[in-house]
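# A closer look at the structure
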Amino acid sequence: MTENNCSVCNSQEWGKSYSYFSPLNEKYKAKVSLCKVCGHGQIVPMINAQRISYNNEMFLGGKYISSNEREKAKNKKLNVLKERLSDLNLTNKKVLDIGAGEGWSIPFFNSSGAKYFAIEPIDSLAMKIKKTSGIIISSDIFEVNKKYESTFDLVVFRHIIEHLPEPAKALEVINRLLVDDGLLYIAAPNASFPDLKKGFSTSFLRPVHVQYFNSPNLVRLLELSGFVVTTLDDGKEIYILAQKKKNNTSGKYQNTYDKQKKIFDDAFLYSLKKDIYCNFKQMIKICLLKIRFLKK
Ligand SMILES: [Zn+2]
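Small disclaimer: the values here were computed from a predicted structure and weren't measured.

### Regarding the pairing of strand β10 (residues 227–234)
Two strands pair when backbone bridges link them, and β10 and strand β11 (residues 237–244) are joined in this way by 7 bridges, in the antiparallel orientation. Residue V229 lies in a different strand from β11, and its bridge partner there is A242. What sits between β10 and β11 in their antiparallel hairpin is a turn of 2 residues.

In structure tokens, the structure reads:
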């Protein structure tokens, strides 16, 4: 696969693109294009892994978020996870949290009686997980030791897939890490319902997100990667539970291009004023944070 193939259907036919501006990377301009064959959105040309990890570190390492904001977000995430997974019997089950962050989900899995394992690339966050009794099995999903294949009963893969240049490869790894009747919990922002609270090209389209899935395309990619979807919630966030596919059936897939294009066009127009205002506000905020950071 070359870097400009669609991550879902492998086509190279790109339709409309949407460019965005990132105040954190002034020289860094990128555009998200929609695949004409399936309607999936991704950064074209795809940026290299080094650039992606730099962007992730800038945004996800917490350098630009206040501790108060982080605490609030943590509690919200924890409540959503509890709501979705509390019906599962996780006693003595092995859970692998991929891109675990600081391990905010550990209290839930500990109280469910599960054994918690994690993959976390950012050192400072991995240290926090170790301190909270979590076991780090790797810093990189593509470098997990073979001994962990067919090990995990549940893999948590939330808000990671939209950061990966080759999401299918990651799903194939997860498939191998799961036991036969294991479960994959996956969540990602929904391109069908872009969150426009902070704007479209200043917030919904963002440097750390290289993929923009709608639910038909995420289901399609999961099926092509050896999964069968058992639960799907098509809200602002796509949330899916999937199991390993037992036989090799493949379905017919719809082209969501026209629908997706209309959604992005509408979102762009709706957010135009807000995008200009948010750019300005974000820049001031970042300047203030930088000054505060320098003073320390
Ligand atoms: Zn495609």
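### Points about the environment of F268
Here F268 shows up in helix α8 (residues 257–295). Given 18 C-beta atoms within a 10 Å radius, F268 is considered partly exposed. Spatially, the C-alpha atom of F268 lies 7.2 Å from that of S201, the residues being 67 residues apart in sequence. Residue contacts for F268: discarding those within four places in its chain leaves Y18, F200 and S201.

### Considering the sheet that holds strand β7 (residues 152–158)
Pairing within the open sheet is mixed, and its 7 strands lie in the order β6-β5-β4-β7-β8-β11-β10. The open sheet has two free edges, formed respectively by β6 (135–138) and β10, since each of these has just one partner strand. Across the sheet, the mean angle from the axis of one strand to that of its neighbour is 20°, orientation sign disregarded. Note: strand β5 (residues 115–119) against β6, 3 bridges, orientation parallel. Following the sheet pairing, F117 is matched in β6 by I135. Its contacts with the sheet place helix α7 (residues 215–224) against β8 (178–189), β10 and β11, and it is angled at close to 165° to β10.

### Regarding the confidence of the model for the protein chain
Low-pLDDT stretches of the model should not have their predicted coordinates read in fine detail. Mean pLDDT over the protein chain works out to 88, with 93% of the residues at or above the 70 mark. Confidence, expressed as mean pLDDT per element, reaches its minimum in the protein chain at helix α1 (residues 49–60) with 69 and its maximum at β7 with 97.

### Side note on the environment of E237
Counting through the fold element by element, E237 comes out in strand β11. In this structure E237 comes out as partly exposed when scored by C-beta crowding, with 15 C-beta atoms within 10 Å. Counting along the chain gives 50 residues from E237 to A187, while the straight-line C-alpha distance between them is 6.6 Å. Apart from residues no more than four positions distant in its own chain, E237 is found in contact with A187, P189 and N190.

What counts and how
- Residues numbered from 1 in each chain as written.
- Predicted model: local features only at pLDDT ≥ 70, side-chain atom pairs only at ≥ 80, totals over all residues.
- Pairing = 2+ DSSP bridges.
- Helix = DSSP H or I, 4+ residues; strand = E, 2+ residues; numbered from the N terminus.
- Buried ≥ 20, exposed ≤ 12 C-beta atoms within 10 Å, placed from the backbone.
- Contact = placed C-beta atoms within 7 Å.
- Axes fitted to C-alpha atoms, helices over the stretch in contact; angles between N-to-C directions.
- pLDDT = per-residue confidence, 0-100.

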